[in-house]
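Below, each chain spelled out in residue letters.
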Amino acid sequence: MQTRICTLLRAGAAYGRPGQLMLRSLNETLHSTRVFNESEPALRAALDEVQAKGITLVLILGDMTDDGQTPNWEAAATILRDYEARADMRFFLTPGNHDQWVNDDLAQTKEFSAKDGSVFTVSSTSDNANAPTPAMQRLSYGQMLPHASGFGFAPHLDDLLWETPFGTDPALEARMGAIVTDDMGTIPVSDLSYLVEPVAGLWVLSIDASVYWPDPASNKSGWRDGSSEGWAAVLQRKSWLLDWMSDVSARAEQLGKRLITFSHYPVLDVLNGASGQVDAGGKRRMMPDAGMAARIAATGIGLHFSGHWHLNRSATRLATSGTPALTNIATPSTVGYPISHKGG
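All values reported here derive from a predicted model rather than from experimental measurement.

### Here we look at the pairing of strand β4 (residues 109-113)
Look at any regular strand and the pattern is simple: side chains alternate between the two faces of the sheet.
Now for step 1: With respect to burial, β4 is a largely interior element, four of its five residues being buried.
Now for step 2: Relative to β4, strand β1 (residues 23-24) runs antiparallel, the two being bridged by two bridges. Pairing of Arg24 across the sheet is with Phe112, part of β4.
Now for step 3: Of the pairings in the sheet, the one linking β4 to strand β5 (residues 119-123) comprises five bridges and is antiparallel in character. Residue Ser113 lies in a different strand from β5, and its bridge partner there is Val119.
Now for step 4: The turn linking β4 back onto β5 is made up of five residues, and Gly117 within it adopts a positive phi angle of 95 degrees.

As structure tokens, then:
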């Protein structure tokens, strides 16, 4: 499942506007790949369908929130905990490019509509007309984790296995990977990948495909993120994840475990080679090419679920000598066009 909970339908008190219903402007929806004001009821409707089918293990493929603000995460966690309690569900998240930032200094400004139809902005920074609204800031990894840790990012009492690429310590300071920078040096950056066995025989592997590296030219507080590059950025800057994926898949085969892998970005070109013709807001978002797909397939993960593109598509790379087949199931979003999710 791919979804987003927005600041919409939250009480305005968090944004310095007590008693005011916060609705994002129609202009922002029209220039987006997703709806905003409908995000919460869309998620609840999808989870009601999941509950009716008797499904109890749910993967959320990144972008649990629209832009990682505190009220978004509070709302999202409240909804998921409600379904956990009422429907005996377990939720497993993977980081999306809208859920967090590498550190705690990514400013954001959003456009809202007032009750009379007028439009106003709320920003985490001050301008000539408005004081800063800290709740609009996107949370860092460290600020986000307390909201999300109960959804796969930390071990559950019932888990039969839980680990990260770095061991079994769920603390953020124990989960630092070496990111390759533009000058080919490395720096430590948080990585929230994890492996969990929630029920006997099933291994769920979440890969943190969010990549951040210093870029003085970037207007995002001197950092750049790899959201337009997807797995290309992972292979270039977090290639050590492939070693862990290979190790996990080898152990899963040896122990007879069913392995399901998911991350925010597709590991195969689910547009059947047409991705070079796709322009998303003036910025082409990258699908893996054949060489990238071969490197990922060689890890042996087999089955991978992805989000990000809001697409209902699948692709398979057939097995070759010494390399097993790889299938990517791209999952549509509950807040995209059309609203959808996948279950089974």
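What follows continues from the structure just given.
### Observations concerning unusual backbone geometry
Now for step 1: With a phi angle near 70 degrees, Met184 is a residue other than glycine that sits in the positive phi range.
Now for step 2: In this structure, Met184 sits in the loop between β7 (176-180) and β8 (186-190).
Now for step 3: Positive phi is not limited to glycine here, since Ser221 has a value of about 55 degrees.
Now for step 4: Structurally, Ser221 is set in the loop between β11 (212-214) and β12 (223-225).

### A short note on the side chain of Gln137
Now for step 1: Along the polypeptide, Gln137 turns up in the loop between β5 and α4 (141-153).
Now for step 2: At a separation of 3.2 Å, a polar atom in the side chain of Gln137 contacts the main-chain carbonyl oxygen of Asp104.
Now for step 3: Excluding residues within four positions of it along the chain, Gln137 makes contact with Gly68, Gln69, Asp104, Asp105, Leu106, Ala107, Gln108 and Ser124.

### Description of the pattern of salt bridges
Now for step 1: Applying the stated criterion to the full structure yields 15 salt bridges.
Now for step 2: In this structure, Asp82 engages Arg44 in a salt bridge whose closest nitrogen and oxygen atoms are separated by 3.9 Å. With Asp82 in helix α3 (residues 70-87) and Arg44 in helix α2 (residues 39-52), the pair connects residues that are 38 residues apart, well separated along the chain.
Now for step 3: Judged by relative accessible area, which is 27%, Asp82 ranks as partly exposed.
Now for step 4: One network of salt bridges, with partners in common, ties together Glu40, Arg44, Asp82 and Arg86.

### Focus on the packing of α2 against α3
Now for step 1: With their axes 11 Å apart at the nearest point, α2 and α3 run at an angle of 20 degrees to one another. Taken together, the axes of α2 and α3 are roughly parallel relative to one another. Here α2 runs over α3; the crossing is right-handed. Contacts between α2 and α3 involve Glu40, Leu43, Arg44, Leu47, Asp48 and Gln51 from the former and Ile79, Leu80, Asp82, Tyr83, Arg86 and Ala87 from the latter.

### Let's talk about the pairing of strand β9 (residues 194-197)
Now for step 1: By the alternation rule, side chains of β9 split into Tyr194 and Val196 and Leu195 and Glu197, which are all buried.
Now for step 2: In this sheet, β9 lies alongside strand β6 (residues 161-163) in antiparallel orientation, the contact comprising three bridges. For Glu163, the partnering residue across the bridge sits in β9 and is Leu195.
Now for step 3: Bridging between β9 and strand β10 (residues 202-206) involves three bridges; their strand directions are antiparallel. Within β10, the position partnered with Val196 by the bridge is Val204.

### Focus on the environment of Thr327
Now for step 1: Mapped onto the fold, Thr327 is located in strand β16 (residues 326-330).
Now for step 2: Looking at Thr327, the relative accessible area reads 22%, which means it is partly exposed.
Now for step 3: It is 9.9 Å that separates the C-alpha atoms of Thr327 and Pro266, two residues lying 61 residues apart in sequence.
Now for step 4: When residues no more than four places from it in sequence are discounted, the contact partners of Thr327 are Leu268, Gly302, Leu303, His304, Ala315 and Thr316.

### Remarks on the packing of α3 against α4
Now for step 1: Interhelical geometry of α3 versus α4 gives an angle of 20 degrees and a closest axis separation of 10 Å. The angle between α3 and α4 falls in the class roughly parallel. Crossing angle aside, the handedness with which α3 passes α4 is left-handed. Contacts between α3 and α4 involve Thr70, Trp73, Glu74, Ala77, Leu80, Arg81 and Glu84 on the former and, on the latter, Met144, His147, Ala148, Gly150 and Phe151.

### A closer look at the nonpolar core
Now for step 1: Counting residues in each nonpolar core, the largest one holds 80 residues, and the members touching the most others are Phe91, Leu93, Leu205 and Trp231.
Now for step 2: Considering each element in turn, this core owes the most residues, seven residues, to α3.
Now for step 3: For Leu205, the contacting residues outside a window of four places in its chain are Tyr194, Leu195, Trp244, Met245, Val248, Leu259, Ile260, Thr261, Phe262 and Ile301.
Now for step 4: Core analysis: the second largest hydrophobic core is formed by five residues, Met22, Phe112, Val122 and Met136 among them.

### Examining the sheet that holds β10
Now for step 1: Sheet architecture is open: seven strands sit in the order β6-β9-β10-β13-β14-β16-β15, paired in mixed fashion. With one partner strand each, in any of the chains shown, β6 and β15 (313-317) form the two edges of the open sheet. Taking each pair of neighbouring strands and ignoring which way they run, the sheet shows an average axis angle of 15 degrees.
Now for step 2: Direction of pairing for strand β14 (residues 303-306) relative to β16: parallel, over a ladder of four bridges. When the sheet's bridge partners are listed, Phe305 is paired in β16 with Ile329.

About the thresholds
- Residues numbered from 1 in each chain as written.
- Predicted model: local features only at pLDDT ≥ 70, side-chain atom pairs only at ≥ 80, totals over all residues.
- Heavy atoms only, no water.
- Buried < 20%, exposed > 50% of the residue type's maximum accessible area, 1.4 Å probe, protein only.
- Helix = DSSP H or I, 4+ residues; strand = E, 2+ residues; numbered from the N terminus.
- Pairing = 2+ DSSP bridges.
- Polar contact = N/O pair within 3.5 Å; in protein donor to acceptor, adjacent residues only side chain to side chain.
- Contact = heavy atoms within 4.5 Å.
- Salt bridge = Lys/Arg side-chain N within 4 Å of Asp/Glu carboxyl O.
- Axes fitted to C-alpha atoms, helices over the stretch in contact; angles between N-to-C directions.
- Parallel < 35°, antiparallel > 145°, perpendicular 65-115°, else oblique.
- Left-handed = near helix turned anticlockwise from the far one by under 90°.
- Core = buried A, V, L, I, M, F, W, Y, C linked by side-chain atoms within 4.5 Å.

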